[in-house]
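Commentary on secondary and tertiary structure
This is what each chain is made of:
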2 protein chains.
Amino acid sequence: MSLPNALLALLVVEPMTGYDLHKKFESSVGHVWHAPDSQIYPALKRMEANGLLEGEDIPWGPRGTKRQYHVTAAGREAFTSWMNTPLEYARTRDPAHLKAAYLEWAEPEAAREQLRAHIDHHAGLLEQWRETVKEIEDGTSTMLNRRLAHTSAADQEKTRAYKLFTYEGLMSQAEAEIAWAKRGLTLIDRLND
Amino acid sequence: MSLPNALLALLVVEPMTGYDLHKKFESSVGHVWHAPDSQIYPALKRMEANGLLEGEDIPWGPRGTKRQYHVTAAGREAFTSWMNTPLEYARTRDPAHLKAAYLEWAEPEAAREQLRAHIDHHAGLLEQWRETVKEIEDGTSTMLNRRLAHTSAADQEKTRAYKLFTYEGLMSQAEAEIAWAKRGLTLIDRLND
DNA sequence: GCTAACTACCTATCGACATAGTTAGTTGCG
DNA sequence: CGCAACTAACTATGTCGATAGGTAGTTAGC
């Protein structure tokens, strides 16, 4: 359900090829919704069949062509409708907390290692989000600047503010995970001496 | 990958039927790893075929039977091995933050409603986790008590401590989400006056 | 003794997703 | 000019997971 809308979110700004989208999914949108190209290409075809997109073959180099998709009126309507519709919350599937609940089955050192990996993972994300936030604030984010170039002056502040809001949320998540895992390390020490 | 291990986590404590497991997935383990019965029954068959479990038909009422599964040595080995192996972190797929990143496309009131729903959702979870934590601390958790009845005295404290640790982590997550969504409500007000 | 609720188990379908490939044209650089 | 890196697109396989059913026996209460 989310993948088509993530694609629409990018395509309402400017037409793109599947390859362009695949690259964006490695950077910007991919921060909140990952998708490999093997999912993107079929999704684009389905969306074209459903009338959300239209594709046209445009020349690329002397002999090659590439297929560029743009959003139809129906696609734009579907996207804004999705944006105005409340989410349905999926039930939790959280491998890290699943394992935490049965940590007495792990060797203390293995348990520590996994909590340290949890910290490292989220510390890496945190660093990434921090940089992204800085780029948005400094106006040096090429991602955001391309987006703003297609946005009316009235909406530019909103666009920027909601992006910052999103990344600040991701930072809070990462910080919470790190703090939790650190408490876990202390707990393991307390239980094994 | 996680479902078989979530099932093993329950079955290493005591043998159960698919139906028992399905009920546990509505309550205890389901808090961190949800699975519908339509996934559980085939998973049990696959695990029996792989030698992780053995099932036996036991009588149920005058005519009925039910199939109870217990963990084999191989299953126990697979579970502890999983518990000692570091997780591989999946890339993010977070519909709430995906929508937040494009919130300028939503009507302000629809955006507010969704953030309020986000708060309500996580406040509900928080309440649930708080109660669970209280039950664990008071020793009134039937889930945990059944578990502890099958646990050596030496491991009882660990089991209890890691359960508490897990639910405290879930509480931190919920609190972070609520705080974030509240900041979002303030932001929407600031952007629309 | 009937019926509702519960226990027990199972199937089918469809899209989501991971993983691992393949093919072909283009561009840049040494 | 030749090769590496990149652009572009697609396929195939297998499991995961959501959703929506179906069947049959059991228990409890009126």
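Right, let's walk through the structure included here. For every chain, the first residue of the written sequence is number 1, and numbering continues from 1 along that sequence. All chains are assigned letters beginning with A, and all ligands numbers beginning with 1, in the order in which they are written. Restriction of local features to residues with pLDDT of at least 70 applies here, the model being predicted, together with a cutoff of 80 or more for giving and counting side-chain atom pairs; totals for whole chains, interfaces and linings are based on all residues. As a convention, hydrogens and water are excluded, and side-chain values are obtained from all of the structure's heavy atoms.

1. Some thoughts on the pattern of salt bridges
Heads up, the rule is: The term salt bridge refers to a pairing of a side-chain nitrogen on Lys or Arg with a carboxyl oxygen on Asp or Glu at a separation within 4 Å. Strands are runs of DSSP state E lasting at least 2 residues, helices are runs of H or I lasting at least 4, and numbering of each runs from the N terminus.
Evaluated as defined, the whole model comprises 16 salt bridges over all chains. Among the ionic pairs, B:Arg190 bridges to A:Glu157, the shortest N-O distance being 3.5 Å. Highlighted residues: B:Arg190 in helix α8 (residues 153–191) and A:Glu157 in helix α8 (residues 153–191), drawn from two different chains. A salt bridge links B:Arg112 to B:Asp189; its shortest N-O distance comes to 3.1 Å. With B:Arg112 in helix α6 (residues 108–138) and B:Asp189 in helix α8, this pair connects stretches of sequence that are 77 residues apart.

2. As for the pairing of strand β2 (residues 53–60) of chain B
Residues and elements named next belong to chain B. We apply this condition: Any two strands between which DSSP finds at least two bridges are classified as paired.
Where β2 meets strand β3 (residues 64–71), 8 bridges bridge the pair, whose relative direction is antiparallel. Within β3, the residue paired with Asp57 across the bridge is Arg67. Count of turn residues in the β2/β3 antiparallel hairpin: 3 residues, of which Gly61 carries a positive phi of about 70°.

3. Considerations on the relation of the copies chain A and chain B
The cut-off we apply is this: Here the copies were fitted onto each other by least squares, based on C-alpha atoms from residues at pLDDT of at least 70 in both. What makes two residues a contact is simply this: any of their non-hydrogen atoms within 4.5 Å.
Once chain A has been moved 0.0 Å along the axis and rotated by 180°, it coincides with chain B to within an RMSD of 0.1 Å. Look at the turn and shift together and you get a two-fold axis relating the two. Interface overlap between copies is the fraction of interface residues in one copy that are interface residues in the other; for chain A against chain B it reaches 100%, indicating a shared surface.

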